[in-house]
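Results of the structural survey
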Amino acid sequence: DAMVIQNPRYQVTQFGKPVTLSCSQTLNHNVMYWYQQKSSQAPKLLFHYYDKDFNNEADTPDNFQSRRPNTSFCFLDIRSPGLGDAAMYLCATSREGGNEQFFGPGTRLTVL
Amino acid sequence: SQQGEEDPQALSIQEGENATMNCSYKTSINNLQWYRQNSGRGLVHLILIRSNEREKHSGRLRVTLDTSKKSSSLLITASRAADTASYFCATLLTLISNFGNEKLTFGTGTRLTIIP
């Protein structure tokens, strides 16, 4: 089945230790998104790729970076995780930008 | 600031009853979407309603949109225990200058609990 896959599902890292979260999709969608969701809050868009074009949200900290080496894969790099970066990170895809989005199961990040 | 706000924040009903959630937003939109999120999981798209539509149905779901009041409602009829989840509205803003590169802004969500 076509889907959005996120690895790992749970990630534990230490304060300041770089971490990479991965997302892959078999839907062949041209748009990929990364959201941060803290407990009982709405998902907050960090950035998205429209094809190869990277679009960063104005309030996304520089600590967060992303790479999209090909259509299928997208990575979220957190260069120096702080305690405030502990959250669920959700990857989503869509065909073009205004249509429904398909979400992965998320990666729960814990920062010790 | 948050584009969408949902009301109520939490709702508990008996199985078999109908559940209604409301979403209000601030600026003109292209479309509005509803998503469901089970605890600790990703979001699942439920329904999309465009700005020129007033009502849409999908199975036990009914969505209305009132652009004059900048509000939408999601009705779940004959609720089931499996409907227990958080429900989010998400608005797609009208970005005339950036066609094809739009983004959704999610509301605060309604936590729905169905009591068996």
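Structure shown above.
My aim in this report is to walk through the structure given alongside it, one point at a time. (Residues numbered from 1 in each chain as written. Chains lettered and ligands numbered in written order. Predicted model: local features only at pLDDT ≥ 70, side-chain atom pairs only at ≥ 80, totals over all residues. Heavy atoms only, no water.)

1. A look at the sheet that holds strand β7 (residues 64-67) of chain A
Residues and elements named next belong to chain A. Here is the rule we go by: Two strands are said to pair when DSSP picks up at least two bridges between them. Numbering of helices and strands starts at the N terminus; helices are DSSP runs of H or I of at least 4 residues and strands are runs of E of at least 2. Axis definition: a line fitted to C-alpha atoms, over the contacting stretch in the case of helices. Angles run 0 to 180 degrees between N-to-C directions.
Judged by pairing direction, the sheet is antiparallel, and its four strands sit side by side in the order β1-β3-β8-β7 without closing on themselves. The sheet is open, and its two borders are formed by β1 (4-7) and β7, each paired with just one other strand. Here the strands of the sheet are splayed against their neighbours by 20° on average, with no regard to which way each runs. As paired elements, β7 and strand β8 (residues 73-78) share four bridges and run antiparallel to each other. Opposite Arg67, over in β8, you have Phe75 as the bridge partner.

2. Comments concerning the packing of aromatic side chains
Short version of the rule: Put simply, two rings from Phe, Tyr or Trp (the six-membered ring, in Trp's case) pair if the centres are within 6.5 Å, and we call them stacked under 30 degrees between planes, edge-to-face over 60, tilted for the rest. Exposure classes here rest on a 1.4 Å probe applied to the protein chains alone. A residue is buried below 20% of its type maximum, exposed above 50%, and partly exposed in between.
This model, assessed by the stated rule, comprises 10 aromatic pairs over all chains. Measuring from centroid to centroid gives 5.5 Å for Tyr35 of chain A and Phe106 of chain B, while their planes differ by 85°, and the two rings are edge-to-face. Of the two residues, Tyr35 of chain A is situated in strand β4 (residues 31-37) and Phe106 of chain B in strand β10 (residues 104-106); the pairing between them involves two chains. Phe106 of chain B carries the same exposure label as Tyr35 of chain A, and that label is buried. Summarising the aromatic geometry, the rings of Phe73 of chain A and Phe75 of chain A are spaced 6.3 Å apart at their centres and angled 15° between planes, so their arrangement reads as stacked. Using a relative accessible area of 18% as the deciding quantity, one classes Phe75 of chain A as buried.

3. A closer look at the state of the cysteines
Residue and element names in this part refer to chain A. Condition: To count as a disulfide, a pair of cysteine sulfur atoms needs to be within 2.5 Å.
Evaluation of the coordinates by the stated rule reveals two disulfides over all chains. Left unpaired, Cys74 is separated from the closest cysteine sulfur, that of Cys91, by 6.0 Å. For Cys74, a relative accessible area of 1% corresponds to the buried category.

4. Regarding the sheet that holds strand β1 (residues 4-7) of chain B
Residue and element names in this part refer to chain B. Read across the open sheet, the five strands follow the order β1-β3-β8-β7-β6; overall the sheet is antiparallel. Strand pairing shows two members of the sheet lacking a second neighbour, β1 and β6 (55-58), which therefore form its edges. The sheet shows a mean angle of 15° between the axes of neighbouring strands, direction not considered. Bridge count between strand β7 (residues 61-66) and strand β8 (residues 71-76): six bridges; the pairing is antiparallel. Pairing of Thr64 across the sheet is with Ser73, part of β8.

5. A few points about the interface of chain B and chain A
We count it as follows: By the convention used here, residues are in contact when the closest approach between their heavy atoms is within 4.5 Å. The term buried area denotes the loss of accessible surface (1.4 Å probe radius) that occurs when two parts are joined, taken as the sum for both partners. The rule for a salt bridge is simple: a side-chain nitrogen of Lys or Arg has to be within 4 Å of a carboxyl oxygen of Asp or Glu. Within 3.5 Å is the distance limit for a polar contact, defined as a pair of N or O atoms, with the added protein rule that one can donate a hydrogen and the other accept it, and that residues adjacent in sequence qualify only through two side-chain atoms. For this scheme, ten residues count as nonpolar: Ala, Val, Leu, Ile, Met, Phe, Trp, Tyr, Cys and Pro. Four count as charged, namely Asp, Glu, Lys and Arg, and the remainder, Gly too, count as polar.
Taken together, the contact pairs 21 residues of chain B with 24 residues of chain A. Of the roughly 1600 Å² buried where chain B meets chain A, counting both sides, 49% is carbon and sulfur surface. Where chain B touches chain A, the interface holds one salt bridge. With a closest N to O distance of 2.5 Å, Lys103 of chain B and Glu57 of chain A form a salt bridge. The tally of links between chain B and chain A comes to five residue pairs in polar contact (both at pLDDT 80 or more). Ranked by residues supplied to the side of chain B that touches chain A, first place goes to strand β4 (residues 29-37) of chain B with four residues. Residues belonging to the side of chain B that touches chain A are distributed by class as follows: seven nonpolar, 11 polar and three charged.

6. Some details on the nonpolar core
Put simply, the rule is: As used in this record, nonpolar core signifies buried Ala, Val, Leu, Ile, Met, Phe, Trp, Tyr and Cys residues forming a set joined through side-chain atoms within 4.5 Å.
By size, the foremost hydrophobic cluster in this structure holds 22 residues, and its most contacted members are Leu32, Trp34, Leu74, Ile76, Tyr87 and Leu112 of chain B. Among the secondary structure elements, those contributing two or more residues to this core are β2 (10-14), β3 (19-25), β4, β5 (43-50), β7, β8, β9 (85-93) and β11 (110-115) of chain B. Among residues more than four places away in sequence, those in contact with Leu74 of chain B are Ala19, Thr20, Met21, Trp34, Leu46, Leu61, Arg62, Val63 and Tyr87 of chain B. Trp34, Tyr49, Cys74 and Leu76 of chain A belong to the second largest nonpolar core, which has 18 residues in total.

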